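Summary of structural features
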Amino acid sequence: MESYELFNSDTQAIIYGFQANPVQRMLDFDYICKRKKPSVAAMIRPTQEAAIAYHKVFWGSKEIVIPIYKTLQMAVKKHPSADVMINFASFRSAYDTSKEALETDTIRVVVIIAEGVPERQSRILLKIAEERNKVIIGPATVGGIKAGAFKIANTAGTLENILLSKLYRPGSVGFVSKSGGLSNEMNFMIAQTTDGVYESIAIGGDRYPGSRLIDHLLRYEANPNIKMLVCLGEIGGTEEYEIVDTLKNGKITKPIAIWVTGTAAKILPKGLQFGHAGAMAGSSKETAEAKNQALKEAGALVPESYEDFDKLIKETYEKLVQEGKIKPAKEEEPPKIPTDFNEAVRLGLVRRPTDVVVTVSDDRGDVPTFAGVGLDNIVRENRSIGYVIGLLWFKRELPEFAQQFIEMVIKLTADHGPAVSGAHNAIITARAGKDLMSALASGILTIGPRFGGAISDAAKYIREALQKGMNPPEFIKYMKDVVQINIPGIGHRIKSVQNPDVRVLLLKEFVFKNFKKHPHLDFALEVEKLTTSKRNNLILNVDGCIGITFLDLLENLDFTSEEIEDVIYSEALNGLFVLGRSIGMMGHIFDQKRQRAGLYRQPWDEILFSE
Amino acid sequence: MAQKNIYEYDAKRLIASELAKYYPEFKYHNKLAVIDCETDIDKAIADNSWMKTEKVVVKPDQLFGKRGKANLLLLDANCDEMKDFCYSNLNRVCEIGNVRGALKRLLVEPFIPHEKEYYVSITTERDGDVIHFSFEGGIFVEENWDKVVHIPIPIETDITTFDLEGKMPDLGDSNNILIPFIKGLYQVFVDQDFAFLEINPFAITEDNKIVPLDVKARLDDTAMFLHADTWGNPENPIEFPAGFGQELSLEEVRIKELDEKTGASLKLTILNREGNVWTMVAGGGASVVYTDTIADLGFSEELGNYGEYSGNPSQEHTEIYAQTLIDLITKAPNLKGKEKFLIIGGGIANFTDVKATFAGIVSAIKKSADKLKQANVKIFVRRGGPNEKQGLELMRQTGEETGIPIEIYDRYSSMTRPVARMIEEIRGEK
């Protein structure tokens, strides 16, 4: 690369900060410029844990990855040919990060995007840059662009604007300004009045920019591809006088059209911050009028007002064309970038089937909804857990008695002591030093046909009996002869007719009081009469009673029989048991953990060792 | 975000608290008091007993100098004289350098008898700072500017080992006081991110103590985050007052508060409430160009405001900003039935969403449609950037729906085309 060049079409940058959008915009620009390789070599994200992560971006229509390093040091080592760093660090850390970049051997240009870098820090950075023969663009800038070769971050806005401003191929004009916003305006204006910009840099609005207008103008002067210079100066500071001096001593020979903005400062209150940080005239020499006058006298082309700037640029360009000094750049059609999927969806150009249908909740809005009911309402109206279960499990607002029934079931199933298989497994797992989730899962995994399974099985067979129109004796015979199992939900180890289970009494009492109809319970009680006549502990137990009364609950709600079938098929009954029992199992796990209980080992004397 | 003036009171206090770190011989009396319109003067005297026991100096502390020449400096006064001076001057309107304003804030400190007045100031340049020093301080320093020595200090110089003495004039007996004082002062300047500091004059008392008499200072407010332990304490930050006679209006305060709340930039300065030309321009650079063009073409007296919005402000904030301007433009009397103009301008944005920001502006226009029509307001629009077509179309529809004349220009017209069009209109060259 020649000394007057900062970038060419092989230039690669390291981006400080995770900046997905600017990076994609740079790559889109690269693609329409037909660059061979992407202009972004890597990103730096100091907050990440991994030494290297990867970020997916589009390169035309295909996807590629860009590495993200934790440290600049590593990025520089892996990408020694990347000689530009675009620094998106905030004003708080722009100094340290830029300094680190300037002190590397490979980074040659540092672009500082942040606005509000302390002036003393900027001045220290530019001293380091000077000593190490490096270039800073910024702070407080959008960056700049070398048409057809390299685009800094967000410069030049959207792809549409890049195409309209013909930035995908070099023109003949070198442009530099302070303002990033105006540089975008000027790129388009120059494309309208000439064959477009060759390079355009916004040095940033600070009082002490890392590189000055004159630094870039001198580069443009040295570059034989640039035929005319355009510059937008600004009130405040004395930078433009460097241009005056350079014009006077003949170091700038190419035509230069320039306008210094801020002529209206005289009508504004003294000391008013006018546009940028550096834009405040400290003396009469720093006013826009004085600078425009001095530039005009030194031979620059200065319009009467900004309104005439475009005409002046056009005339200057056309004169150079007539004189044969400019051969207008050839027009060419840049390759098309495929529309982003999201954009295409927005425009209604594409559609795509989804993979999952969800009907119970939605978290896309301001407030998550459960079956259409806002979580805020649920909380504000102090709704019960039974109500929430109704929404999420059955997509309904359950009536009060149904909510109470569900909560009662949860209470009744919450725990059944430490010895049952679920609690036992949970305790053993917790004592083996496993976490809460593992211990709970190991307890839940024991729930099935023998533990807790009686609930759903009792419901299943009693429902079958009623559907098939069996009477109780037929049902008992059916279970014995055809299904060939004991009737699930009937029988208790300890409780009996004389010693009834209080939980069953409570359930029955609730159902008789609150349910309009209870055919399943009635049927089961008929069956119980027959079984207890054989043996007094063949009572309807709590599992059976829960399963059967749950069927009655569904009968009392506005479920169709198909919907009831779905509820049973979807294992809602097991769900109630799992939900309830999880409370108790967690209690046991917390209990063991609080005690810091050690590993459990079953004693040998509980085991019969045999051949 | 830039260099900001601070009160003399704050400047002195900052120097007093920091200078002794580098120049331990600096023993400041720390007797400083501000008397403003709300102060109970008798209570202030009771709190600062030295006001009764010592002779005092009283002067305005409102960012303007040459107070002696303006007869606003009370010297060597006793307590009663001080009270009289405060009562007769507070709230008094006077004119300082063509600016009219009320005296609102006085600084009281002990009177220091002295014979010689010295001058020192520190300024910043690109490659370093400059220390300016003179034996001829006080009100005549400008007339004696040729006697001021200017000593460039390259950036990152260790001032403690820097040969300052060799670059100064012969300081005679005072050398051992002045050199460490100036070096210490420079360290404070660097450490505290001053952008400008001028002590004119300072005196050396009989017991060889340095006393700053008048101080003017600017801080680099972008460095605030580095100084949480001194002037940048987020709970109690130093005040950056507006210049004399430039108290912010209600509207300006509202926009300033909005600006401070967001990452975007929203600025408003009212120039002339009776103006017929108002601007709502996007972008710091573009807003300057619009204001310039209005002034260059001879219409500065008609200009109502200077301001800008940028950095992709939210639709809501843009609407508040637009509503504030619409209220201003429609509030001013329009007795002659003259047309008024609102220029909604801007360059081609890099990333500000034209459609979203225009949606905010349009919402304000629609809410105030009757007001705008009654005030005979014509609107000119020019803008480019992301979603520019939809944004401009929104404006066009708004014109049609409300009946407010809205002329719209896109990127293919010069950025300041609305200004030129407006002037054609004023001159009747439709």
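All of these numbers come straight from a predicted model, not from anything done at the bench.

Let us look at the overall build of chain B. Scanning chain B from terminus to terminus reveals 12 helices and 19 strands. Along the first, second and third principal axes, the C-alpha set of chain B runs to 80 × 50 × 40 Å. Residue burial in chain B is summarised as follows: out of 430 residues, 57% are buried. The contacts of chain B with a sequence gap of at least 6 include a subset with a gap of at least 24, amounting to 69%. Carbon and sulfur atoms form 46% of the exposed surface of chain B, whose accessible area is close to 18,800 Å².

What follows covers the overall build of chain A. Secondary structure assignment for chain A yields 23 helices and 16 strands. Over its C-alpha atoms chain A spans a radius of gyration of 40 Å, topping by over 25% the 25 Å that the globule rule assigns to 611 residues. For chain A, the spread of C-alpha atoms along the principal axes amounts to about 120 × 55 × 50 Å. By the burial criterion, 53% of the 611 residues in chain A qualify as buried. Residue pairs at least 24 apart in sequence account for 72% of intrachain contacts in chain A once pairs closer than 6 positions are excluded. Within the structure as shown, chain A displays about 29,200 Å² of accessible surface, and the carbon and sulfur contribution to it stands at 52%. Looking at charge distribution, chain A has the averaged site of its 75 positive side-chain charges lying 3 Å from that of its 76 negative ones.

All names here are of chain A. Looking at chain A, the domain boundaries give domain 1 (13–322), domain 2 (361–412) and domain 3 (414–595). Of note, the centres of domain 2 and domain 3, computed from C-alpha atoms alone, are 23 Å apart. Taken together, the contacts link 16 residues of domain 2 with 24 residues of domain 3. With both sides pooled, the region where domain 2 packs onto domain 3 buries about 1,800 Å², and carbon together with sulfur makes up 81% of that total. When the area that domain 2 buries against domain 3 is broken down by residue, the three leading residues are Phe401, Phe405 and Leu412, summing to 37%. Seen at the junction of domain 2 and domain 3, the total is 2 salt bridges. We note a salt bridge from Asp558 to Arg396, for which the minimum N-O separation is 3.1 Å. In this structure, the connection of domain 2 to domain 3 is made through 4 residue pairs in polar contact (both at pLDDT 80 or more). At the level of elements, helix 13 (385–394) and helix 14 (400–413) are the ones that each hand at least two residues to the side of domain 2 that touches domain 3. The residue inventory of the side of domain 2 that touches domain 3, partitioned by class, reads 13 nonpolar, 1 polar and 2 charged.

Moving on to the environment of Glu252 of chain B. Residues and elements named next belong to chain B. With respect to the helices, strands and loops of the structure, Glu252 is situated in helix 6 (residues 250–261). Look at Glu252 and you get buried, because its relative accessible area is 9%. Along the chain, Glu252 and Lys267 lie 15 residues apart, while their C-alpha atoms are 8.1 Å from each other. The residues touching Glu252, leaving out its near neighbours within four places in the chain, are Glu247, Leu268, Thr269 and Ile270. Here the side chain of Glu252 touches Ile270 through a polar contact of 2.6 Å, landing on its backbone nitrogen.

Chain B puts 54 residues into the contact, and the matching count from chain A is 60 residues. Of the roughly 4,700 Å² buried at the junction of chain B and chain A (both faces included), carbon and sulfur atoms supply 57%. Where chain B packs against chain A, one counts 4 salt bridges. With its nearest N and O atoms 3.0 Å apart, the salt bridge here joins Arg120 of chain A to Asp129 of chain B. One can count 23 residue pairs in polar contact (both at pLDDT 80 or more) joining chain B with chain A. Within the residue set of the side of chain B that touches chain A, elements represented by two or more residues are strand 8 (118–125), strand 9 (128–134), helix 5 (175–191), helix 7 (284–296), helix 11 (388–402) and helix 12 (417–426) of chain B.

For strand 2 (residues 40–44) of chain A, the buried fraction is high: 5 of the 5 residues fall into the buried class. Remark: the strand 1 (residues 13–16) of chain A/helix 1 (residues 20–32) of chain A/strand 2 of chain A crossover connection has right-handed handedness.

Now for the packing of aromatic side chains. Enumeration according to the criterion identifies 29 aromatic pairs over all chains in this entry. Here Tyr31 of chain A and Trp59 of chain A contribute two aromatic rings whose centre-to-centre distance is 6.1 Å and whose plane-to-plane angle is 85°, an arrangement assigned as edge-to-face. Placement of Tyr31 of chain A in helix 1 and of Trp59 of chain A in strand 3 (residues 52–59) is noted, with a sequence separation of 28 residues between them. Members of the aromatic cluster, joined through ring pairs, are Tyr23, Phe26, Tyr28, Tyr118, Phe133, Phe135, Phe181 and Phe202 of chain B. When the ring centre of Phe559 of chain A is taken as origin, the NZ or CZ atom of Arg396 of chain A, which lies over that ring, is 4.0 Å away.

Right, let's talk about the side chain of Glu119 of chain A for a bit. Tracing the backbone shows Glu119 of chain A in helix 4 (residues 119–131). Although Glu119 of chain A lies buried, it forms no salt bridge, and the closest oppositely charged side chain, Arg207 of chain A, sits 5.2 Å away as judged by the N-O distance. A polar side-chain atom of Glu119 of chain A sits 2.9 Å from a polar atom in the side chain of Gln3 of chain B. Once you skip the residues sitting within four places of it in the chain, Glu119 of chain A turns out to touch Arg207 and Tyr208 of chain A together with Gln3, Ala195, Asp220 and Thr222 of chain B.

So, about the pattern of salt bridges. All names here are of chain A. Taken as a whole and judged by the stated rule, the model has 69 salt bridges over all chains. Asp83 is paired through a salt bridge with Arg108; the nearest N and O atoms lie 3.5 Å apart. Placement of the pair is Asp83 in the loop between helix 2 (72–78) and strand 5 (84–87) and Arg108 in the loop between helix 3 (94–102) and strand 6 (109–112), with a sequence separation of 25 residues. Residue classification places Arg108 among the partly exposed positions, given a relative accessible area of 28%. As a salt-bridge pair, Lys166 and Glu331 come within 3.7 Å of each other at their nearest N and O atoms. Taken together, the residues Lys166 in the loop between helix 5 (159–164) and strand 10 (173–177) and Glu331 in the loop between helix 10 (309–322) and helix 11 (341–347) connect sequence positions 165 residues apart. On the accessibility criterion, Lys166 (25% relative accessible area) is partly exposed.

A separate point is the nonpolar core. Residues and elements named next belong to chain A. Among the nonpolar cores identified, the biggest contains 95 residues, and Ile86, Val230, Ile243 and Phe309 are the most heavily contacted of them. Setting aside chain neighbours within four positions, we find Val230 in contact with Val173, Gly174, Phe175, Val176, Met186, Ile190, Ala257, Phe309 and Ile313. Membership of the second largest hydrophobic core comes to 54 residues, among which are Leu398, Val420, Val504 and Ile546.

Thresholds applied
- Residues numbered from 1 in each chain as written.
- Chains lettered and ligands numbered in written order.
- Predicted model: local features only at pLDDT ≥ 70, side-chain atom pairs only at ≥ 80, totals over all residues.
- Heavy atoms only, no water.
- Helix = DSSP H or I, 4+ residues; strand = E, 2+ residues; numbered from the N terminus.
- Buried < 20%, exposed > 50% of the residue type's maximum accessible area, 1.4 Å probe, protein only.
- Contact = heavy atoms within 4.5 Å.
- Areas by Shrake-Rupley, 256 points an atom, 1.4 Å probe, with all protein chains shown as cover.
- Rg over C-alpha atoms; globule rule 2.2 N^0.38 Å.
- Lys, Arg positive; Asp, Glu negative; His and termini not counted.
- Charge placed at Lys NZ, Arg CZ, Asp CG, Glu CD.
- Domains from an automatic or database assignment.
- Buried area = accessible area lost by both parts, 1.4 Å probe.
- Salt bridge = Lys/Arg side-chain N within 4 Å of Asp/Glu carboxyl O.
- Polar contact = N/O pair within 3.5 Å; in protein donor to acceptor, adjacent residues only side chain to side chain.
- Nonpolar A, V, L, I, M, F, W, Y, C, P; charged D, E, K, R; others polar.
- Right-handed = clockwise from strand over helix to strand, strands pointing away.
- Phe/Tyr/Trp six-rings, centres within 6.5 Å; stacked < 30°, edge-to-face > 60°.
- Lys NZ or Arg CZ within 6 Å of the ring centre and 35° of its normal.
- Core = buried A, V, L, I, M, F, W, Y, C linked by side-chain atoms within 4.5 Å.

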